Amino acid sequence: MRTNTNRPAHGLGLLTALAVLILAPPAKAIPTAYTDMTQWESAVSNLNYMPGGYLLLTEDFDTSPTGPLPAGTTDIGLFDMVLSGDGTLNSISAGADQMVNVRLVAGGSGTGVDHIDWNNFDVPRWIHGIGFTVSGLDSDGLTVSVNGSDLLFDDPTVGFVGIVDLTQITSLTFTSANQFFVLDDAKIAIREVPEPATLPLLALGLLGLGVMRRRKAAVG
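A few points on the structure. Predicted model only: the values in this text are computed from it and were never measured.

1. Some details on the pairing of strand β8 (residues 115–119)
So, point 1. Most of β8 sits out of view: four of its five residues are buried.
So, point 2. In the sheet, strand β5 (residues 80–83) pairs with β8 via four bridges, with the strands oriented antiparallel. Pairing of Asp80 across the sheet is with Asn119, part of β8.
So, point 3. Sheet topology places β8 next to strand β13 (residues 172–175); four bridges connect them, and they run antiparallel. Its bridge partner lying in β13, Trp118 is registered against Leu172.

The structure is reproduced here in structure tokens:
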């Protein structure tokens, strides 16, 4: 009896391709900017086709160290805030609702700094959205860089700045010119990292059962 030995190979190829699609990180994409919190949260929820589901964490800075932020790195809770220089007007205010007071000056002159970074996020999952409340923006606008793309927020009336990216977000960089503003309540949209090779192993197991049945049928 002649059997078709190509079928298991084709099946293995299809399952291997499926495994690659399941485990591969999201494709590189341009991040999207939002100035409405509801729209940002909707955009985050629209990514629910990704495995693991989403969870929102909030850093309200209420347990962060207060006072002027020194040059270099300061751990403020869910992430580090890194100042490019010594900016004495950059600080976290004390009180019932602690907030971050930011002064950015092009070139790092005066008491401002050239840029501020958020990085080293203390979350064991992939980040695909970051948003925060903001006040005091002026017409110079605020530029937020994420994954190599610059997003400009130039409307001084906005009260929220949000970013969603299919690619994992690992850091944000804030730059501006002669800019004073206040930010608070940073929201971080995270998703579970899928268990390594769980689904492909299951698929390969089913493939093995199929191959064994075909061999038994061929022998019979």
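Here the narrative resumes, following the displayed structure.
2. Re the sheet that holds strand β10 (residues 142–146)
So, point 1. An order of β4-β5-β8-β13-β10-β11 is seen for the six strands of this open sheet, with the pairing classed as antiparallel. Each of the sheet's edge strands pairs with one partner strand only, and the pair in question is β4 (72–75) and β11 (149–153). Taken over all neighbouring pairs, the strand axes of this sheet differ in orientation by 20° on average, direction set aside.

3. Considering the nonpolar core
So, point 1. Ranked by size, the top nonpolar core spans 37 residues in total, and within it Phe79, Trp118 and Leu172 carry the most contacts.
So, point 2. The greatest single-element share of this core, amounting to five residues, is contributed by strand β14 (residues 179–191).
So, point 3. Setting aside chain neighbours within four positions, we find Leu172 in contact with Ile116, Asp117, Trp118, Ile130, Val144, Ser145, Val146 and Ile163.
So, point 4. Residues Tyr34, Val44, Leu47 and Val164 belong to the second largest nonpolar core, which totals eight residues.

4. Side note on unusual backbone geometry
So, point 1. Look at Phe61: it is not a glycine, yet its phi comes out positive at around 65°.
So, point 2. Within the secondary structure, Phe61 is located in the loop between β2 (54–59) and β3 (67–68).
So, point 3. Here Phe61 falls in the buried class, since its relative accessible area comes to 0%.
So, point 4. With phi around 50°, Asp185 is a residue other than glycine that occupies positive phi space.

Rules used in this analysis
- Residues numbered from 1 in each chain as written.
- Predicted model: local features only at pLDDT ≥ 70, side-chain atom pairs only at ≥ 80, totals over all residues.
- Heavy atoms only, no water.
- Buried < 20%, exposed > 50% of the residue type's maximum accessible area, 1.4 Å probe, protein only.
- Helix = DSSP H or I, 4+ residues; strand = E, 2+ residues; numbered from the N terminus.
- Pairing = 2+ DSSP bridges.
- Axes fitted to C-alpha atoms, helices over the stretch in contact; angles between N-to-C directions.
- Core = buried A, V, L, I, M, F, W, Y, C linked by side-chain atoms within 4.5 Å.
- Contact = heavy atoms within 4.5 Å.

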